[in-house]
Amino acid sequence: MRHEFGPYLQMGTLAEQMATHYQMDVNLEFEPHLAHYMDEVEVNIKADRFDHVGFMSKICDRLNVTLQTAAEPRRREFLSAVVTALQGRIDRYSLDVAQ
């Protein structure tokens, strides 16, 4: 798989789109929206054998860049939570693999 066309690109785009939805819809509940995104990450991880930590790290890298330019508070809140959740998942996955 070429570095510039990995599945992490679609997942990064999905997070950005979900951040936009969260930004625009003040009635959208934060926790279920974030949980839905992380469920999508899990589906991708379980779908195949590949570098899962690298996959999630690349999503984090992309979203950290997006986060730097995000001015709207709800958008920043969602993107920041995704990065934090992904980092937590990376840490758990790394521990599971090490054991």
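Within each chain, residues carry numbers counting from 1 in the order of the written sequence. It should be noted that, the model being predicted, local features are given only for residues of pLDDT at least 70 and side-chain atom pairs only at 80 or more, the latter also being counted only at that level, while totals for whole chains, interfaces and linings use all residues. Side-chain calculation: all heavy atoms of the structure are included, whereas hydrogens and water are not.

1. A few points about the nonpolar core
- Residues Tyr37, Val41, Phe78 and Leu86 are the most contacted members of the largest nonpolar core, which totals 27 residues.
- Starting at the N terminus, helices and strands are each numbered in turn, a helix being any DSSP run of H or I of at least four residues and a strand any DSSP run of E of at least two. Sorting the residues of this core by element identifies α1 (7-24), α2 (30-47), α3 (52-69) and α4 (73-98) as the ones contributing at least two each.
- Looking at which element gives the most residues to this core, the answer is α4, with eight residues.
- The contact criterion used is simple: two residues touch if any of their non-hydrogen atoms lie within 4.5 Å. In contact with Leu86, not counting residues within four places along its chain, are Met38, Val41, Met56, Ile59, Cys60 and Leu63. Here, the term nonpolar core denotes a set of buried Ala, Val, Leu, Ile, Met, Phe, Trp, Tyr and Cys residues that are joined through side-chain atoms within 4.5 Å. In this scheme, a residue with accessible area under 20% of its type's maximum is buried, one over 50% is exposed, and one in between is partly exposed, where area comes from a 1.4 Å probe on protein chains only.

2. Remarks on α3
- Expected helix span is taken as 1.5 Å per residue step, with the number of steps being one fewer than the number of residues. With 18 residues, α3 should reach 26 Å at 1.5 Å per residue; the first-to-last C-alpha distance of 27 Å fits that figure.
- The complete set of buried residues in α3 reads His52, Gly54, Phe55, Met56, Ile59, Cys60, Leu63, Thr66 and Leu67.

3. Brief notes about the environment of Thr66
- The residue Thr66 is located in helix α3 in this model.
- Separated by 54 residues in the primary sequence, Thr66 and Gly12 place their C-alpha atoms 9.4 Å from one another.
- Filtering out sequence-adjacent residues up to four positions away, Thr66 remains in contact with Glu16, Arg75 and Leu79.

4. A few points about the environment of Gly88
- Topologically, Gly88 is positioned in helix α4.
- Given a relative accessible area of 22%, Gly88 falls into the partly exposed group.
- In this structure the C-alpha to C-alpha distance between Gly88 and Tyr8, which are 80 residues apart in sequence, comes to 17 Å.

5. Some thoughts on the pattern of salt bridges
- We count a salt bridge whenever a side-chain nitrogen from Lys or Arg sits within 4 Å of a carboxyl oxygen from Asp or Glu. Applying the stated criterion across every chain, the model contains two salt bridges.
- Notably, a salt bridge pairs Arg62 with Glu16, separated by 2.9 Å at the nearest N-O pair. Separated by 46 residues along the polypeptide, Arg62 in helix α3 and Glu16 in helix α1 bring together distant segments of the chain.
- Residue classification places Arg62 among the partly exposed residues on the basis of a relative accessible area of 24%.

6. Concerning α2
- Taking 1.5 Å per residue as the helical rise, α2 with its 18 residues ought to reach 26 Å, and the 26 Å between its terminal C-alpha atoms agrees with that figure.
- Every buried residue of α2 is listed here: Phe30, His33, Leu34, Tyr37, Met38, Val41 and Ile45. Viewed end-on, α2 has its buried residues packed into an arc of 130°, placing them on one side of the element. Turned more than 90 degrees away from the buried face of α2, the exposed residues are Val43, Lys46 and Ala47. Here the arc refers to the directions that run from the helix axis out to each C-beta atom.

Interpretation in functional terms is not warranted from these geometric data alone.
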